[in-house]
Structures are given as structure tokens and as C-alpha cells.
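Now for the letters of each chain:
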Amino acid sequence: MYNPNNPSNWSWSKAFSEMEKTVNQAELTQQSINHIAGYPGEANGVFMTLSKSQQDNVYEILNQIL
């Protein structure tokens, strides 16, 4: 049965648009974490010192924002 919401039935333009949205969100998430962490170029900022549950909370907040 044809389902227009199934990714395999998307047009190329919709597929590329969705991919662009996903990549943009990933880049914004990474930039936000870098700013939160005070990222100096190594993985030793504030974010890395957070516990796993605190890191998950940061991701959850970012997902709601982005």
C-alpha cells in the first residue's frame, strides 16, 4: 500500500530537504555543546565532566530547542 509519509516514497527534493534539516540540527547541536563546554579544541570542557544523565539532559534540552 502506498504511504506518502514513508521515506522510500519521498521525492528527491523532499529527501534532500529532510537530510539538510537533519544535518543542520546535528551541526547546531554540536556547536551548542561546544559553547556549553567552553570547547578549546580538546574534549576536556565542562560538558565532558558532566555525568551521563546530565549529558542526556543537555541533549534533551537541545532537542526541544532545535
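See the structure printed just above.
Bear in mind the structure is a predicted one, so any value in this text is a computation, not a measurement. (Residues numbered from 1 in each chain as written. Predicted model: local features only at pLDDT ≥ 70, side-chain atom pairs only at ≥ 80, totals over all residues. Heavy atoms only, no water.)

### Focus on the overall build of the chain
Okay, step 1: For the chain, the helix and strand inventory stands at three helices and zero strands.
Okay, step 2: Going through the 66 residues of the chain one by one, you find that 12% of them count as buried.
Okay, step 3: Carbon and sulfur atoms provide 56% of the accessible area of the chain, an area that totals close to 5400 Å². (Helix = DSSP H or I, 4+ residues; strand = E, 2+ residues; numbered from the N terminus. Buried < 20%, exposed > 50% of the residue type's maximum accessible area, 1.4 Å probe, protein only. Areas by Shrake-Rupley, 256 points an atom, 1.4 Å probe, with all protein chains shown as cover.)

### A few points about the pattern of salt bridges
Okay, step 1: Enumeration according to the criterion identifies one salt bridge in this entry.
Okay, step 2: Residue Lys52 is joined to Asp56 by a salt bridge in which the shortest nitrogen-to-oxygen separation is 3.2 Å. Remark: Asp56 and Lys52 occur in helix α3 (residues 52-65); sequence separation between them is four residues, near one turn of the helix. (Salt bridge = Lys/Arg side-chain N within 4 Å of Asp/Glu carboxyl O.)

### Overview of the side chain of Gln55
Okay, step 1: Within the fold, Gln55 resides in helix α3.
Okay, step 2: In this view, Gln55 contacts Phe47, Met48 and Leu50; residues no more than four positions away in its chain are not counted. (Contact = heavy atoms within 4.5 Å.)

Just distances and angles here, no functional claims.
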